[in-house]
Amino acid sequence: MHFCEHMTQHAPLDRTKSRMKGILALTSLLAVTAVSAVARETASLDGAWQIVFDHKNEGRTAGWFRQQTFEALADRRTIQVPNCWETIEQDYEGVGWYGRRFRVPASWKDHEVRVRFGAVNYRAEVWINGQPAGFHEGGYTPFVLTVGDLLKIGEENFISVRVIGPIITQNAVLDGIGPNEMPHWRGAIAGGIWQGVELVATSPEYLSDVFVQPDIKAGRAGVRVEVTNRRTRGAKATLELAVVGTTGAVRRELTLRPGENLVNLSVPIPNAQLWTPDSPYLYTLTTRLLVSEHVTDAVDQRFGMREFTIRDNSYYLNGKKIYLKAGFWEGFYPQTLAFPPNAEVVRREIRLAKEAGFNVLRPWRKPPAPMILDLADEMGIMLIGAPPIECMNYWPQLVPETEQRIAGEVREMVLRDRNHPSVIYWELFNEIARHGLARLKHKTSLLARDLDPTRIVIDESGGWADGARAYPPGSYEPEAINEIHSYLRAPVEPRSYNFYLRLGQPGFDASMVGWSKLKAPEGLMFVSEVGYGGLPDLPANVGQYRREGNPLTPDYRYHVMLLESIQKAAREMEWNEIFPDTAALCRASQRVQAEGNRLELEALRLNPRVAGYCLHAYTDGDWVIGAGVLDLFRNPKLTYETVKRVQAPLYLAIQVTPPNFSEGQAAQFRFQAVNEQDMRRGQLQWEIVAPDGSTVHRGQNQVSIATGISTLLQTNAPPLGPSGTYKVRVRFAGYANENEFFYLAKKDLQAPATEFAVLDPNRQITPFLETHGMHFRDFTGAEKLPVIVATDSSPDAETLSRFKLLVDNVKLGGVAVFLKTPGVRVGAKNPDHPLLRSGVFPFQTRLRAARGDWAPVNHGVRPHPIFEGLPANDFMGQAYLNVCATETIEGIQAPPIVGSLSFVAGNNERHEWNYHGPKAAWWGADMVVVPYGNGRLLLSTLRITENLGHDPVADKLFYNIVRWAGSGK
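The notes below deal with the structure included here. Just so you know, the residues in each chain are numbered from 1, in the order the chain's sequence is written. In keeping with the model being predicted, local features are shown solely for residues with a pLDDT of at least 70 and side-chain atom pairs are shown and tallied solely at 80 or more, while totals for entire chains, interfaces and linings include all residues. Side-chain measures were taken over the full set of non-hydrogen atoms in the model, leaving aside hydrogen atoms and water.

### What to know about the overall build of the protein
Filter applied, for reference: Numbering of helices and strands starts at the N terminus; helices are DSSP runs of H or I of at least 4 residues and strands are runs of E of at least 2. Only C-alpha atoms enter the radius of gyration; for comparison, a globular chain is expected to reach 2.2 Å times N to the power 0.38, where N is the number of residues. Throughout, exposure labels follow a simple rule: accessible area from a 1.4 Å probe, protein chains only, divided by the maximum for the residue type, with under 20% read as buried, over 50% as exposed, and the rest as partly exposed. Contacts between residues were defined by any pair of non-hydrogen atoms, one from each residue, lying within 4.5 Å. All accessible areas in this document rest on Shrake-Rupley with a 1.4 Å probe, and a residue is counted as covered only by the protein chains that are shown. As used throughout, the charge tally considers Lys and Arg to be positive and Asp and Glu to be negative, leaving His and the chain termini uncounted. Charged side chains are reduced to one point each, which is NZ for Lys, CZ for Arg, CG for Asp and CD for Glu.
Each helix and strand counted, the protein has 18 helices and 52 strands in total. Rg of the C-alpha trace for the protein: 32 Å, near the compact-globule value of 30 Å for 969 residues, within the 12% margin. For the protein, the C-alpha atoms occupy an extent of roughly 105 × 70 × 50 Å along the three principal directions. Looking at the protein as a whole, 62% of its 969 residues are labelled buried. Look at the contacts in the protein between residues 6 or more apart in sequence, and 72% of them connect residues 24 or more apart. Counting only carbon and sulfur atoms, one obtains 49% of the accessible surface of the protein, whose full area is about 34,800 Å². Charge centroids of the protein, computed over 104 positive and 106 negative side chains, lie 1 Å from each other.

Okay, here's the thing in structure tokens:
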């Protein structure tokens, strides 16, 4: 069984269609038409097959592998191969039987015939004419079975395949395989024969593998050839290798023993053209096998002359330092799920990626379809190769077979894909949280190294299990690197921006690293997951699904569900005052995503310690529906243009410090450049644009921008006009950028004359009130004034009695403002706050985390006097970077002044969302007025208290709250 017999799949796509994928002749028998390639002939078995879903797992005992028995089954259906069976049987998990008739040409009488499956998920058992031909376990890589002696040459034949699909959400055990025990892709179920099938006919002496190992320094390519001799006697043979278009050629005389024969050769390639993303030059190696001076087999293998390695804490491509700008590539497609519907879709994906400045894509946890690899080679995008091994606390479930299954996935991925120059390294595991997988990291890395000495091997993305390690090309000894996953919220607060800006530098905030382990703080630093999400245009997506989609597939269903649940949430929050329709709501979500991604990537690019990043995500997927720069139909979101801007070869960064400031407060503008080109000289032009669109200040400077990171200009903010959102714009040599800041004039930041009381036992806001001359007194219970509550900490007995008086006053008609609302955290078993435990607080409020990450949490502001003079009628953007809520109140039925909106990313106990998409949208209140008796409570989770005196937006909000509380409105 030769798992690596795949060379001809890597011919240029146009030739592959004509030479290697001959279409089956029509007729009820689906007879085979062979396509000749010298002494090798192939015949496609793609097209219409019959399938029966074996719900009771009875088919093996009942002999469904026999043609007569199979074709007598009443519930046979037609299915196209390749195809995921979810497209015809909704969310099916279990056993399926495939069958079809085919004819074999009489000319194949003396040939060695094999059947090659591109991928069958998960376990495949194959019969030919009722006789067992072999089996394969592993859902994403090819396998080959020798079947010539089971065929009736020149006659009709029958092939049957029993498939055990992934067991994921069902509590079932099939043939000893339980739920989530098999390594698999985290995205839809993708069961069945989901890649192509073909017959291959050769002489008994044939080429079973060709592996090209470029050596750009020596100007040659090492070639490892595997030759199979199926005869019982040895044979004299000749190998001829030639690199098309060069003088590189070699000839070797061999004595083939029966079985496998390994031959190592070297082919000179003088003055080689190197493969790079900008110039993806491909060579073709033609390998011919001759026996008795007759060609018995020949294959063409494409390859590229390139070297990718780690050195001096940086990545190097062909000896030149390269900064990785990668995108997390979901590989999930509408309706076809696990594989692209056609090459044009992939061409468009890669073209859009390159135009946006990406030089790497990270296919997510499965070896991509060969079409994708071929196009990446041709179009010049680098790829990170990864087997379908997701980890964390759940995938795969640990059983005695786990190690063998993981080794199989890694072995077959490397053997299939190691000739592709686009694949720059192997990333074996992801986010390991269990020792049962951590113990396999080194052993599995050595397996990959044995199979491919030319590439870097990364043992774990994210470095959860004691950090990540890299094995440079040729090395069996790892070196510690920093492979970091970091998801921080948008709007991007200064702490988050500065974390990315200073990551790996002395004194950086290591507490924000999360689960990733930094075992080499001075070593290579790669942030392999970063980014914030935004909703796709759900009305447009759902419209396209309803016009042309398949309601059986999970993506169709969860798009419809998510749209309907978001519309319901918007109605309940009365967001029609903010957004005229759901499409406008989705665009507003994308604006938050766009600015969040721009700022996070900007900070990483400005950090000289960072060697690259991978934005999560380039395309939407299923459970990560909101994360992509492109939606699931590959339409660019608003963030596409901002990512394109920040990834330009010359990027102009604008930092405003502080990002919100008031009249009389010192603020500074800092202009920096990240330049991947040679030194540039010219005029730097910048301007400040007022809220009404007028330009209030202009400046220009002659600057020289060297390669790397440089500071171009630092200047103080000039006098400004009215309050509002200003923009700073900068231009240089055809490159441009802009950044926003919020400014408050003195006349709009006056403390109110309203009298009020405070309940502030820990003096969290009292110093601010005293400094700003506000008219307040401590609440004792006798005051008939609005009361501002500035604590949610555990009160002592005296303070608890004051809270009881406060609640009684509200019930009689008073107003109380809780700047920090007490509540039970979602997931907590019992109330952990004394005000709730004691029953003093009149509501059993639930607090839910509302920070957001790849699943966005957007915070919408309805028109209200509390937001007078501040941005409203939209989602909170960068003006609210400090005060935006990180948790929200659930269960309050009143329409909120500020509300959080997101969707359920999943059930952490079952993890089923990864295959059926996200759950329904939810909403919470960040600020809401709740009647109680004859009075009112204003409940808030906005981060006002901790930012008073530090952010004028927090000050303005507080002043507005006091005015509102005293107004009686």
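The rest of the description comes next.
### Things to note about the pattern of salt bridges
Here is the rule: Here a salt bridge means any side-chain nitrogen of Lys or Arg lying within 4 Å of a carboxyl oxygen belonging to Asp or Glu.
Tallied over the entire structure, the rule returns 62 salt bridges. For R489, the salt bridge goes to E493, with nearest N and O atoms at 3.1 Å. Side by side, R489 and E493 carry an identical accessibility label, which is buried. One salt-bridge network, in which partners are shared between bridges, spans R60, R123, E125, E137, R162, D175 and R405.

### Some details on the packing of helix α10 (residues 538-548) against helix α11 (residues 554-572)
Cut-off, in case you're wondering: Axis definition: a line fitted to C-alpha atoms, limited for helices to the stretch in contact. Angles are taken between N-to-C directions and run from 0 to 180 degrees. Here roughly perpendicular refers to angles of 65 to 115 degrees, roughly parallel to angles under 35, roughly antiparallel to angles over 145, and oblique to all remaining angles. Left-handed describes a crossing in which the near helix is turned anticlockwise from the far one by less than a right angle; the clockwise case is right-handed. In this classification, Asp, Glu, Lys and Arg are treated as charged, Ala, Val, Leu, Ile, Met, Phe, Trp, Tyr, Cys and Pro as nonpolar, and every other residue, Gly included, as polar.
In contact at an axis separation of 9 Å, α10 and α11 are set at 140 degrees when each is read in the N-to-C sense. Accordingly, the angle class assigned to the pair α10 and α11 is oblique. In this structure, the crossing between α10 and α11 has a hand that is left-handed. Contacts from L538, P539, N541, V542, Y545 and R546 of α10 reach α11 at D555, Y556, H559, V560, L562, L563, E564 and I566. Of the residues contributing to the contact of α10 with α11, the split by class is 9 nonpolar, 2 polar and 3 charged.

### Topic: the sheet that holds strand β19 (residues 283-291)
This is how it is decided: At least two DSSP bridges between two strands are needed for those strands to be called paired.
A sheet is described by the order of its strands in space; here 4 strands give the open sequence β17-β16-β19-β20, paired in antiparallel fashion. Two strands in the sheet have a free side with no partner beyond their single neighbour: β17 (249-256) and β20 (294-303). Pairwise comparison of adjacent strand axes, ignoring direction, gives a mean angle of 20 degrees for this sheet. Bridging between strand β16 (residues 235-243) and β19 involves 7 bridges; their strand directions are antiparallel. Residue pairing in the sheet places V243 in a bridge with L285 of β19.

### Describing the packing of aromatic side chains
The criterion, for reference: Side-chain rings of Phe, Tyr and Trp, where Trp is taken by its six-membered ring, are said to pair if the distance between their centres is within 6.5 Å; with planes under 30 degrees apart they count as stacked, over 60 as edge-to-face, and otherwise as tilted. Our definition puts a charge over a ring when NZ of Lys or CZ of Arg is within 6 Å of the ring centre and also within 35 degrees of the ring normal.
Under the counting rule described, the total for this entry stands at 43 aromatic pairs. Between the NZ or CZ atom of R114 and the centre of the ring of Y206, over which it lies, the distance is 3.6 Å. A cation over a ring is seen here: K366 above W185, with NZ or CZ 3.9 Å from the ring centre.

### A few points about helix α15 (residues 797-811)
Going by this rule: Take the residue count of a helix, subtract one, and multiply by 1.5 Å to get its expected span.
Look at α15: 21 Å from first C-alpha to last across 15 residues, which is about the 21 Å you get at 1.5 Å a residue. Taken as a whole, α15 has its buried residues at T799, L800, R802, F803, L806, V807, N809 and V810. Once α15 ends, the next one or two residues include G813, with phi positive near 125 degrees.

### Focus on the sheet that holds strand β26 (residues 382-385)
Strand order around the closed barrel formed by 9 strands is β24-β25-β26-β27-β28-β29-β30-β31-β32, with mixed pairing between neighbours. When the angles between neighbouring strand axes are averaged without regard to direction, this sheet yields 25 degrees. Sheet topology places strand β24 (residues 324-329) next to strand β32 (residues 612-615); 4 bridges connect them, and they run parallel. Residue pairing across strands places A326 opposite C614, the latter belonging to β32.

### Notes on the state of the cysteines
Our working rule: Cysteine sulfur atoms that pair up within 2.5 Å are treated as a disulfide.
For the structure shown, the criterion picks out 0 disulfides. With no disulfide partner, C391 has as its closest neighbouring cysteine sulfur the one in C614, 16 Å distant. Its relative accessible area of 1% is what places C614 among the buried residues.

### Comments concerning the side chain of D209
Rule in force here: Definition of a polar contact: a pair of N or O atoms within 3.5 Å, with one able to donate and the other able to accept a hydrogen when the atoms are protein atoms, and with sequence-neighbouring residues admitted only if both atoms are side-chain atoms.
The topology assignment puts D209 in strand β14 (residues 205-215). Within the local environment of D209, its side chain forms a polar contact with the side chain of R418, the two groups lying 2.7 Å apart.

### A closer look at unusual backbone geometry
Look at the link from W395 to P396: it is a cis peptide, with omega at -25 degrees. Relative to the elements of secondary structure, P396 occurs in the loop between β26 and α6 (402-417). Cis geometry is adopted by the peptide bond preceding P658, which originates at T657 and carries an omega value of -5 degrees. Relative to the helices and strands, P658 is located in the loop between β33 (650-657) and β34 (660-662). With a phi angle near 55 degrees, N318 is a residue other than glycine that sits in the positive phi range. For N318, the position within the fold is in the loop between β22 (314-317) and β23 (320-322). Looking at N318, the relative accessible area reads 14%, which means it is buried. Not every positive phi belongs to a glycine, and E431 is a case in point at roughly 50 degrees. With respect to the helices and strands, E431 occurs in the loop between β27 (423-430) and α7 (435-438).

### Description of the environment of F756
Position of F756 among the secondary structure elements: in strand β41 (residues 756-759). Since its relative accessible area comes to 1%, F756 is described here as buried. Along the backbone, F756 and Q668 are 88 residues apart, and their C-alpha atoms lie at a distance of 36 Å. Those residues in contact with F756, other than ones at most four positions away along the chain, are L769, M774, H775, F776, R777, L785, P786, I788, F958 and V962.

### With respect to the pairing of strand β5 (residues 95-103)
The buried fraction of β5 is high, at 7 of 9 residues. Taken together, the 5 bridges between strand β3 (residues 47-54) and β5 define a ladder with antiparallel strand orientation. Note that in β5 the partner of I51 across the bridge is Y98. Taken together, the 9 bridges between β5 and strand β11 (residues 156-164) define a ladder with antiparallel strand orientation. Across the sheet, R101 pairs through a bridge with F158, a residue of β11.

### Notes on the environment of G543
Structurally, G543 can be placed in helix α10. It is 40 Å that separates the C-alpha atoms of G543 and A433, two residues lying 110 residues apart in sequence.

### Some remarks on α10
Put simply, the rule is: What the arc measures is the spread of directions leading from the helix axis to the C-beta atoms.
When α10 is considered as a whole, its buried residues turn out to be L538, N541, V542, Q544 and Y545. End-on, the buried residues of α10 take up no more than an arc of 160 degrees, which puts them together on one face. Seen from the open side of α10, the exposed residues pointing more than 90 degrees away from its buried face are R546 and R547. Buried residues along α10 sit against α11 and α12 (582-605).

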